[in-house]
Amino acid sequence: MLTMKRERIDEWVAREFPGETVRSHLLASQFSPQYSAPTSHTISSGDFGDRDRVEFVESLELDPEKKVNSQVQFSVYALTDRQLCIATRGGFRERPKELLHAGPLDGLTVHWYDGRVEAGNQFRHFVFVFADGTWRADRTGIKSMGRESKGNNAHHFTEALGPTAVEVT
């Protein structure tokens, strides 16, 4: 997963939401990428907790019609002093691009849990549920090859959410 400079997130928020201050951010992706092994005709994909997250989302009985753009694989979350914003990400210089959704902090619930370590990798899974019923499920890497992932901001982001963040046990 690429890293993104915090300054690019701050600049995007200042342009899209003047007067708001970024408290934290999160780079996320929806699912594990599939890959093809060199000189092989097989495609393999790690689960890395994706199936568990899908089952957890189903247990919340969220309205599938209110899911925030399921076609976007990679996203960036900007937690401001007023709201949580979700944007696409990418470009030559990794940056937030297009706003997918923004909602006030009041009424926001963020369910999260850390998946089990698989092949030295570990992900923190999130389900963001906004007051109006819109929602999105994502995850971010917290360990890669047994080490803390470079650019990982999951712990800070979860702490910045405060009581809005509910750990799933």
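Everything quoted here is computed from the prediction, not taken from an experiment.

**Student:** Looking at this structure, how should I read a positive patch on the surface?
**Tutor:** A grouping of Lys5, Arg15, Arg93, Arg95 and Lys97 is seen on the molecular surface, where their side chains present a positively charged patch. Inspection of the secondary structure assignment puts Lys5 in the segment before α1 (6–16). For Lys5, a relative accessible area of 52% gives the class exposed.

**Student:** For this particular structure, what's the right way to read the side chain of Thr158?
**Tutor:** By the secondary structure assignment, Thr158 is in helix α3 (residues 154–161). Judged by its relative accessible area of 8%, Thr158 falls in the buried class.

**Student:** Explain the pairing of strand β4 (residues 74–80) to me, please; I cannot follow it from the model alone.
**Tutor:** Two faces make up the sheet, and in a regular strand the side chains alternate between them. Burial analysis of β4 places 6 of its 7 residues in the buried class, which makes it a mostly covered element. In the sheet, strand β1 (residues 22–29) pairs with β4 via 7 bridges, with the strands oriented antiparallel. When the bridges of β4 are listed, Val22 appears paired with Thr80. Where β4 lies against strand β5 (residues 83–90), 5 bridges are found, and the strand directions are antiparallel.

**Student:** When you look at α1 in this model, what are you seeing that I'm missing?
**Tutor:** Since the α-helix turns once every 3.6 residues, residues separated by three or four places project in the same direction. Considered for burial, the residues of α1 that qualify are Arg8, Ile9, Trp12 and Val13. Summarising the axial view, the buried residues of α1 lie within an arc of 130°, below the 170-degree limit, and thus occupy one face. As for α1, its buried residues are in contact with β1, β4, β5 and β6 (95–104).

**Student:** Just to check I follow, could you spell out the packing of aromatic side chains for this structure?
**Tutor:** Each pair of aromatic rings is reported with the distance of its centres and the angle of its planes. Counted under the stated rule, the structure contains 7 aromatic pairs. Between Trp12 and Phe17, the ring centres sit 6.1 Å apart and the planes meet at 75°, which makes this aromatic pair edge-to-face. You'll find Trp12 and Phe17 in the same group, each marked buried. One aromatic cluster in this structure is built from Tyr77, Phe126, Phe128 and Phe157.

**Student:** I'm lost on the confidence of the model for the protein chain in this one. Help?
**Tutor:** In low-pLDDT segments, the atomic positions of the prediction should not be examined closely. With 83% of its residues at a pLDDT of at least 70, the protein chain reaches an overall mean of 84. Summarising per-element confidence for the protein chain, the mean pLDDT is lowest in strand β2 (residues 35–36) (38) and highest in α1 (96). pLDDT under 50 marks residues 32–45. Its contacts with residues more than four places away, or in other chains, come to 18 contacts.

**Student:** Looking at this structure, how should I read the nonpolar core?
**Tutor:** Side chains of a nonpolar character, in soluble globular proteins, are inclined to be buried together. Judged by nonpolar contacts, the single largest core of 22 residues is most densely connected at Tyr77, Leu84, Phe128 and Phe157. If you list the elements that add at least two residues to this core, you get β1, β4, β5, β7 (109–114), β8 (122–129) and α3. For this core, the leading source of residues is α3, giving 4 residues. With sequence-adjacent residues up to four places away left out, Phe128 is seen in contact with Leu26, Tyr77, Leu84, Thr109, Val110, Thr134, Trp135, Arg136, Asp138 and Phe157. Ranked by size, the runner-up nonpolar core spans 11 residues in total, among them Met4, Phe17, Val22 and Ala87.

Criteria and cut-off values
Residues numbered from 1 in each chain as written. Predicted model: local features only at pLDDT ≥ 70, side-chain atom pairs only at ≥ 80, totals over all residues. Heavy atoms only, no water. Patch = residues over 30% accessible without salt bridge, like charges linked within 9 Å, V, L, I, M, F, W, Y side chains within 5 Å. Areas by Shrake-Rupley, 256 points an atom, 1.4 Å probe, with all protein chains shown as cover. Salt bridge = Lys/Arg side-chain N within 4 Å of Asp/Glu carboxyl O. Lys, Arg positive; Asp, Glu negative; His and termini not counted. Charge placed at Lys NZ, Arg CZ, Asp CG, Glu CD. Helix = DSSP H or I, 4+ residues; strand = E, 2+ residues; numbered from the N terminus. Buried < 20%, exposed > 50% of the residue type's maximum accessible area, 1.4 Å probe, protein only. Pairing = 2+ DSSP bridges. Arc of directions from axis to C-beta. Contact = heavy atoms within 4.5 Å. Phe/Tyr/Trp six-rings, centres within 6.5 Å; stacked < 30°, edge-to-face > 60°. pLDDT = per-residue confidence, 0-100. Core = buried A, V, L, I, M, F, W, Y, C linked by side-chain atoms within 4.5 Å.

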